[in-house]
Amino acid sequence: MHTTPSTPAPAQAASTTLTRYRWAVAVRSLVAIFGGYALSAACAIWLGHLLPALGMTRLDAVLTATMLAFVVHACAAIWVFAIASTWRAAIGILVPAAVLAVGAWAYGGAA
Amino acid sequence: MMTFLIFGLCYLAMTMISATMSRHQHQLLASVPAPRLVQGLRYGGWLVLAVALAPALRTWGVSVGIAAWLGLLTFACLALALQLTYRPRSIWRCSLALIALIALIALMPLARLLPATLP
Amino acid sequence: MRIDHKPEGIRQSMSWLHTWTGIVLGWLLYVIFFTGTLSYFQDEISLWMKPELHRSVPTGDVDQTVQATLAGMHTLAPNATAWTLNLPTERRTTVAASWREPGSENAGRAGTKRAELDAATGEQITPRETRGGGFLYRFHFELHSMPRAVSRWIVGIATMFMLVAIISGVITHKKIFTDFFTFRPRKGQRSWLDAHNVTAVLALPFHVMITFSGLLLLMGTLMAWPVDAVYQGDRQAYNAERRGGGGGGGGDGAPRRGTRPMADAQPVDLAVAIVPMLAEAKAQWPGRAVGTVTVNKPGKPGATIELREHGSESLLSRGAARRLRFDAATGTLREQPAPAPQSAANAIYNVVVVAHLGDFAGPTVRWLLFLSGVAGTAMVGTGLVLWVVKRLPERRKLGRTPWGHHLVEKSNIAVITGLAMATAGYFWLNRLLPADMAGRTGWEINGFFIVWLASLVHAVLRPARAAWIEQSIGAAVLFALLPLLNPLTGGHGLVSSLVLGQLSIAGVDLAMLALASIFATIAAHLIGKARKTAAPARPAPAAPSAPVTP
């Protein structure tokens, strides 16, 4: 944890800073854990559907998709905390996850 | 025996590579080495590491051999790290002894040919 | 992440992430690593916990063992549809027999009966009821006393935290190559960080493998979405495809075929018939032993005997061993089923998963996996302690200890020394509880949790330094006395097991002595440190006889 010896600030500003920090941590954690999971699951479903079209058997496609899903989730979590802006982190994960998830649900209904 | 051979080769390889690192040079070598020597040690170290892979593949096949090689490499590095901390001067002696033993093991198949040539 | 919200580099943000993903579930990860590492030797632990089986000493004469056990099976299960005999190995001193009675085809796993047979005489030995090493193995990924779905999710989440901790740890470790061999002892926080770095980086291939494969092993729980989407919810079809095509494991018994030509009606003397078959196996698999003998339709016409190789050459096929199938009556070799070829995806899965499980690992590989697990346990443990040590200056400045620091400090003790004592307690109860006591299995496990809970209470009530010392001494004593308890309660002690070549039993005793010495060293180190910090506080005596300790 990074606590910096900052110049003494008025009590109210200090507590606002702390609150902002806690919000940022909470948002990034939720996005990394749940958003990342949704993104990886949606990617996995898409890969599961797409890879057989490239010649893989159903079984291999599903296995590959599942293995890659874990990699996607881990990388997403890293990215969420590496990126400078909390907003960008949230949007960068949640929007693709939503798009892929809706698409997968629609494809599943159509197929 | 193969286990010991692979472990020994990994240890030698990592000793050579650690000698290219400035932090360990004063522990392993008498004076600051010439850049050519450092380069030689680096390439030599990686080469010995690759050589260590061969008996592992022979003994256990590809998949288990690579796993065993990585495992033995881990513990060769650990042994070296502890030696560098507690007994740096013993590393030269260990390395020379290992080279002698490995040479013996490597030459053993040839020794079996000797009785036929002896009077 | 910074409280003042100033921009920071990737090394700083990853340092923050590594610390948090590490500490939040670090205590659980330590437990998973500790029990998992012990699980590499779960069969040996189970054997140690069944002292009745110690009297079975394999003679080394495979033919004699097989003949004796075939005779034993004639007495034990004359009407069975198939016998499977798992022969003694470096890990097992008895013959593990299993069979199915006629009419049990639909009973599934419950229809398989098992027995342990003496390797020399073929007689059945009935050991005391115990979960043995299996309890530690199951605990490792399913914890205890909660629904499997819940516990697998918990362990799975911890595993993902571990994966993120590994990646963030590597990114944040600026001097990963410079510090590769660096360990600086007796420098407080610096030493703890060095120890954490060395155990983490040197065994990094193992840690990455074990964590990722851990996720794969739980993928049925954690990431079932692609399966459900592609197979439209038909998990049965998916499981059938995995068992049949991709997995090369094969079955334990030969599939029954109706069109086999019937041999003559005389039941065959298997003990005689098997000798040339064993010789054939020796010829076909030079240097490899027979691991399993399966007899289909023993004593009846059309019986077959299948010999299966012990261990396997490749992780790719998930250890599918070579097999030889013989007609029991005529002794002719019928077929040599080969392991099925694997697709790339399956091969990757198999290699990684089998490395995690240590299935089919010979002694060298098994020891390497075990020692790497020890390194992993040390990595997590040093990380947990480092977190506390790093914050001691902050505590001194504040003049008090924040509740979070208390929480971590006490749970560290409960998890590092406490879990060790609980494991020792589990072994103690295994020998102290009477062999014929009803429900002894449950009480061994209850004892494990009772000791663990007691250690947590002790850690909460005592000051941290004292708790560490007292529990380390406790763990050291409990483990050191186990090899003495072993022969006193009917097992083969160290001397006997070494002399008789029962290395698996001896290994467990030796491991307990090793654990005892680790905790004794910790206790001695902490007591020495306590004395050193106490000494300057005492006023120097006027008499010249007492030298000032440095």
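Residues numbered from 1 in each chain as written. Chains lettered and ligands numbered in written order. Predicted model: local features only at pLDDT ≥ 70, side-chain atom pairs only at ≥ 80, totals over all residues.

## Quick notes on the overall build of chain A
Part 1: Secondary structure assignment for chain A yields three helices and zero strands.
Part 2: Going from the N terminus to the C terminus, chain A shows its helices and strands as α-α-α.
Part 3: Every one of the 111 residues in chain A was classed for burial, and the buried ones make up 38%. (Helix = DSSP H or I, 4+ residues; strand = E, 2+ residues; numbered from the N terminus. Buried ≥ 20, exposed ≤ 12 C-beta atoms within 10 Å, placed from the backbone.)

## Things to note about the overall build of chain B
Part 1: Along the backbone of chain B there are five helices and zero strands.
Part 2: The principal-axis extents of the C-alpha atoms in chain B amount to approximately 50 × 40 × 30 Å.
Part 3: Taken across its 119 residues, chain B has 33% of its residues classed as buried.
Part 4: Put simply, 73% of the contacts in chain B that link residues at least 6 apart link residues at least 24 apart. (Contact = placed C-beta atoms within 7 Å.)

## What to know about the arrangement of the chains
Part 1: Taken together, the two pairs of chains in contact show their highest number of contacts between chains A and C.
Part 2: Separated throughout, chain A and chain B approach each other most closely at a C-alpha pair spaced 19 Å apart.

## Structural notes on the interface of chain C and chain A
Part 1: Facing 36 residues of chain C, the contacting portion of chain A comprises 38 residues.
Part 2: For the side of chain C that touches chain A, the secondary structure elements donating two or more residues are helix 1 (10-24), helix 6 (148-172), helix 8 (204-217), helix 10 (225-230), helix 11 (235-246) and helix 13 (344-357) of chain C.
Part 3: If you tally residues by element for the side of chain C that touches chain A, the top one is helix 1 of chain C, at seven residues.

## Some thoughts on the pairing of strand 5 (residues 290-296) of chain C
Residues and elements named next belong to chain C.
Part 1: Most of strand 5 is tucked away, with five of its seven residues classed as buried.
Part 2: As defined by bridge partners, strand 1 (residues 82-86) adjoins strand 5 across five bridges and the pair is classed as antiparallel. Along strand 5, the bridge assignment pairs Trp83 with Val295. (Pairing = 2+ DSSP bridges.)

## Some remarks on the interface of chain B and chain C
Part 1: Listed by partner, the interface residues are 22 residues for chain B and 21 residues for chain C.
Part 2: Sorting the residues of the side of chain B that touches chain C by element identifies helix 1 (2-18), helix 2 (22-28) and helix 3 (35-86) of chain B as the ones contributing at least two each.
Part 3: The biggest single contributor to the side of chain B that touches chain C is helix 3 of chain B, with 17 residues.
Part 4: Residue composition of the side of chain B that touches chain C, grouped by class: 13 nonpolar, eight polar and one charged. (Nonpolar A, V, L, I, M, F, W, Y, C, P; charged D, E, K, R; others polar.)

## Points about the confidence of the model for chain B
Residues and elements named next belong to chain B.
Part 1: Counting all residues, the mean pLDDT for chain B is 88, and 92% of those residues have values of 70 or more.
Part 2: Least confident of the elements in chain B is helix 5 (residues 114-117), whose mean pLDDT is 59; most confident is helix 1, at 94.
Part 3: For this predicted complex, the interface score ipTM comes out at 0.89, while the overall pTM is 0.88. (pLDDT = per-residue confidence, 0-100.)

## A closer look at the environment of Lys113 of chain C
All names here are of chain C.
Part 1: Mapped onto the secondary structure, Lys113 falls in strand 3 (residues 112-117).
Part 2: Residue Lys113 is classed as partly exposed on the basis of its 14 C-beta neighbours within 10 Å.
Part 3: Setting aside anything within four residues of it in sequence, one finds Lys113 in contact with Ser98, Trp99 and Glu101.

## Side note on the confidence of the model for chain A
Part 1: In this model, chain A carries a mean pLDDT of 88, and residues with pLDDT of at least 70 account for 87%.
Part 2: Mean pLDDT values over the elements of chain A span from 90, in helix 3 (residues 86-110) of chain A, up to 95, in helix 2 (residues 58-82) of chain A.

## Observations concerning the sheet that holds strand 3 of chain C
All names here are of chain C.
Part 1: Read from one edge to the other, the open sheet built from eight strands follows the order 4-3-2-1-5-6-7-8, with strand pairing classed as antiparallel. Each edge of the open sheet carries a strand with a single partner, namely strand 4 (124-125) and strand 8 (333-335).
Part 2: Both strand 5 and strand 6 (residues 304-309) contribute to a ladder of six bridges, which runs antiparallel. Paired with Thr294 across the strands is Glu306, a residue of strand 6.
Part 3: Helix 4 (residues 62-76) contacts strand 1, strand 2 (95-100), strand 3, strand 4 and strand 5 of the sheet and is inclined by roughly 40° relative to strand 2. (Axes fitted to C-alpha atoms, helices over the stretch in contact; angles between N-to-C directions.)

## Some remarks on the nonpolar core
Part 1: The biggest cluster of nonpolar side chains holds 173 residues, and the ones touching the most others in it are Cys10 of chain B together with Tyr30, Val164 and Phe479 of chain C.
Part 2: Of all the elements, helix 3 of chain B adds the most residues to this core, at 17 residues.
Part 3: Apart from residues no more than four positions distant in its own chain, Phe479 of chain C is found in contact with Ala424, Met512, Leu515, Ala516 and Phe519 of chain C.
Part 4: Counting residues in each nonpolar core, the second largest holds 28 residues, with Trp83, Leu85, Ala119 and Leu270 of chain C among its members. (Core = buried A, V, L, I, M, F, W, Y, C linked by C-beta atoms within 7 Å.)

## Let's talk about the pairing of strand 6 of chain C
Residues and elements named next belong to chain C.
Part 1: Of all the six residues making up strand 6, six are buried; the element is thus mostly covered by neighbouring parts of the structure.
Part 2: Along strand 6, one buried face is formed by Thr304, Glu306 and Arg308 and the opposite face, lined by Ile305, Leu307 and Glu309, is buried too.
Part 3: In this sheet, strand 7 (residues 323-327) lies alongside strand 6 in antiparallel orientation, the contact comprising five bridges. The partner of Glu306 across the bridge, within strand 7, is Arg325.

## Overview of unusual backbone geometry
Part 1: Backbone geometry places Ser145 of chain C, a non-glycine residue, at a positive phi of 50°.
Part 2: As for its placement among the helices and strands, Ser145 of chain C is situated in the loop between helix 5 (133-142) and helix 6.

## Some points on the packing of helix 1 of chain B against helix 3 of chain B
Residues and elements named next belong to chain B.
Part 1: Between helix 1 and helix 3, whose axes approach to 5 Å, the crossing angle comes to 40°. Compared by their axis directions, helix 1 and helix 3 come out oblique.
Part 2: In terms of residue class, the contact of helix 1 with helix 3 is built from 27 nonpolar, six polar and one charged. (Parallel < 35°, antiparallel > 145°, perpendicular 65-115°, else oblique.)

## Here's the deal with the packing of helix 14 (residues 363-390) of chain C against helix 16 (residues 403-432) of chain C
Residues and elements named next belong to chain C.
Part 1: Look at helix 14 against helix 16: their axes get within 9 Å of each other, and the N-to-C directions meet at 150°. Classified by the angle their axes make, helix 14 and helix 16 are roughly antiparallel. Helix 14 and helix 16 meet at a crossing whose hand is left-handed. On helix 16, the residues that touch Gly381, Leu384, Val385, Trp387 and Val388 of helix 14 are His405, Val408, Glu409, Asn412 and Ile416.
Part 2: For the contact of helix 14 with helix 16, the residue count by class is six nonpolar, three polar and one charged. (Left-handed = near helix turned anticlockwise from the far one by under 90°.)

## Regarding the environment of Val95 of chain C
Residue and element names in this part refer to chain C.
Part 1: Mapped onto the secondary structure, Val95 falls in strand 2.
Part 2: By C-beta crowding, Val95 is classed as buried, having 28 other C-beta atoms within 10 Å.
Part 3: Val95 sits 139 residues away from Asp234 along the chain, and the two C-alpha atoms are 39 Å apart.
Part 4: Non-local contacts of Val95, meaning those with residues more than four positions away in its chain, are made with Thr65, Thr69, Leu85, Asn86, Leu87, Pro88, Leu117 and Ala119.

## So, helix 18 (residues 464-488) of chain C
Residues and elements named next belong to chain C.
Part 1: An ideal rise of 1.5 Å per residue puts 36 Å on 25 residues; helix 18 measures up with 36 Å between its terminal C-alpha atoms.
Part 2: Considering bend angle alone, the principal kink of helix 18 is centred on Leu482 and spans about 35°; proline Pro483 follows within four residues of it.
Part 3: Directly after helix 18, the chain includes Gly490, whose backbone phi takes a positive value near 95°. (Expected span 1.5 Å × (residues − 1). Bend = angle between axes of the 7 residues up to and from the residue.)

## Topic: the environment of Gly447 of chain C
Residue and element names in this part refer to chain C.
Part 1: Looking at the element boundaries, Gly447 is found in helix 17 (residues 440-461).
Part 2: It is 9.6 Å that separates the C-alpha atoms of Gly447 and Phe427, two residues lying 20 residues apart in sequence.
Part 3: Residues contacting Gly447, with those up to four places away along its chain left out, are Gly425, Tyr426 and Leu429.

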